[in-house]
Amino acid sequence: MSLQQGSVATQRPTYRGMQLVTVEEYRRFTAVREVVTIGTVPVRVGRPWRVKDYGPPEDYKIEESTVWSFPSRGEWATHSGNYRGNWSPFIPRNLINKYTRPGELVLDEMCGSGTTLVECKLLGRNGIGVDVNPDAVMIQRDRLNFDYHPLDSQNGTNVRTYVGDARNLDLVRDDCVDLVATHPPYAGIISYTGHRVDADLSRLKLPDYLAAMRVVAAEAYRVLKPDHYCAVLIGDTRKARHYIPISIGVLQSFLSVGFTLKEDIIKLQHKMMMTRQKWRGRNYDFYKIAHEHLYIFRKPTGDEDLGRVKYSRKWW
Ligand SMILES: C[S@@+](CC[C@H](N)C(=O)[O-])C[C@H]1O[C@@H](n2cnc3c(N)ncnc32)[C@H](O)[C@@H]1O
C-alpha cells in the first residue's frame, strides 16, 4: 500500500473507531484481573498507589538543546519502566511545558502505559490517550488512578482514554488538539500484542509499517490546530549487521502529509543492550545504536508563506 497526500482521507474510515474506556470499566476489570501481559511482560493493575513525589527531582532542568539524555528515566508519581519500550516521563514533560499552556489539550494516539497522560494530569493539561491494545488502556487508567490536588489548580483536568487505532481518530474533531506527543512502535522491534490485535502496527513489516505511519501522520495533521506541534519519538534498528533507518521513513511519512520539521532532537539511550539488540560476545563490527530521534513537526497555517520553510517540508 502506498499512500500519497490526498488519498489518505478515503483510507481512514476502514480502521476501527475510538471507544471510550471509563473509570467504571477499569474498576470492573480490576475486580477480576490483577495482571495484564504486554508482549511477554506481566504488569500489575488495580493496587492502590502510594505516591511519594508528584514531580521530577529538584535538579530537573528543562531541555535547551537538540540532545536530550536521561540516565535516570524518572520514577515520580505512578511512572514505572515496566511497560516495554515506554518513554521517559521527562520527554512528555518537556514537550507539554514547551508547547502548551495549562488547560490545553494533548493527544497521545499510541499511548501505551499512559506516561503522557500522567504528565497531563500533573501539569494541568487535558489529555486524550488512545491505544489499540485494550490491556494497555487498562494500564493507562491504572496509572491515572491517584489523587492530585495542586493548590494553584482552578479546574480539574479531563483525561480520557480510548481503545482505538491511531489511523482513525473519529471522535476527535478537526483542528482541536494543542499538542500531539506520541511514541509509535519501532516497526516490529518490540511485539506489543503478539497476534492478538490485527491493527497493532508492531506486527507489520517495514514497507507496510511505513504506509500505515503515513495514515497515522494524516490523522495527527487533521486533528492538530494550525501552527501547533506534533512530536514523534522513533528509533532505528539493525539487521544482518547493517543499519535500518526506520526514523527516516517515519520522517518522510510526516512531511509527506504536509507537516514542516521544526526540530530533530537526538535522545540518547542508556539501556540499548536490553531493549534493542542481543549481543553475543564482544566481537561485533558495528556500533551499538545509542540514540533515537524526537521529531517535532509543525502544522502550517492556511495562509502562511511556505516558501520560507520550503526545505523543512517535503521538497523532493
Ligand atoms: C512505544 S509504545 C508507547 C509507549 C508509551 N509512550 C508509554 O510511555 O507507555 C507503542 C504503543 O503503540 C501501540 N499501538 C500499536 N499499533 C497501534 C495502532 N494502530 N493504534 C494505536 N496504538 C497502537 C502499542 O500497543 C504500544 O502500546
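Residues numbered from 1 in each chain as written. Predicted model: local features only at pLDDT ≥ 70, side-chain atom pairs only at ≥ 80, totals over all residues.

Undergrad: Any chance you could break down unusual backbone geometry for me, citing the residues and the numbers?
TA: Positioned with a positive phi, A77 is a non-glycine residue whose angle comes to about 50°. Among the secondary structure elements, A77 is positioned in the loop between β4 (67–68) and α3 (90–99). Positive phi, close to 55°, is recorded for D175, a residue that is not glycine. (Helix = DSSP H or I, 4+ residues; strand = E, 2+ residues; numbered from the N terminus.)

Undergrad: So, the environment of P150: which residues are in play, and what are the values?
TA: Position of P150 relative to the elements: it lies in the loop between α5 (134–143) and β7 (159–163). Since 10 C-beta atoms lie within 10 Å of it, P150 is described here as exposed. The sequence separation of P150 and F297 amounts to 147 residues, and the corresponding C-alpha distance is 31 Å. (Buried ≥ 20, exposed ≤ 12 C-beta atoms within 10 Å, placed from the backbone.)

Undergrad: Break down the environment of T100 for me, citing the residues and quoting the values.
TA: Locating T100 in the fold gives a position in the loop between α3 and β5 (105–108). On the neighbour-count criterion, T100 (22 C-beta atoms within 10 Å) is buried. For T100 and H228, which are 128 residues apart along the polypeptide, the C-alpha to C-alpha distance reads 9.0 Å.

Undergrad: Now, about the environment of A199: what can you tell me, with residues and values included?
TA: In this structure, A199 sits in the loop between β8 (177–182) and α6 (206–223). Each C-alpha atom of the pair A199 and V132 lies 6.9 Å from the other, and the pair is 67 residues apart in sequence. The residues contacting A199, other than those within four sequence positions of it, are Y15, R16, V132 and D165. (Contact = placed C-beta atoms within 7 Å.)

Undergrad: Give me the sheet that holds strand β13 (residues 291–298): which residues, what numbers.
TA: Ordered by their spatial adjacency, nine strands build an open sheet running β1-β7-β6-β5-β8-β9-β13-β12-β4, and the pairing between neighbours is mixed. The two strands at the open ends of the sheet, each matched to only one other strand, are β1 (19–21) and β4. Sheet analysis places strand β6 (residues 126–131) next to β7, joined by five bridges and oriented parallel. Opposite D131, over in β7, you have V163 as the bridge partner. Across the sheet, helix α4 (residues 115–123) touches β5, β6, β7 and β8, and the angle it forms with β6 is around 170°. (Pairing = 2+ DSSP bridges. Axes fitted to C-alpha atoms, helices over the stretch in contact; angles between N-to-C directions.)

Undergrad: Account for the nonpolar core, with residues named and values stated.
TA: Formed by 74 residues in total, the largest nonpolar core has its most connected members in L179, V180, C230, A231 and F254. At eleven residues, α6 tops the list of elements feeding residues into this core. In contact with F254, other than residues within four places in its own chain, are A217, V232, F259, Y295 and F297. (Core = buried A, V, L, I, M, F, W, Y, C linked by C-beta atoms within 7 Å.)

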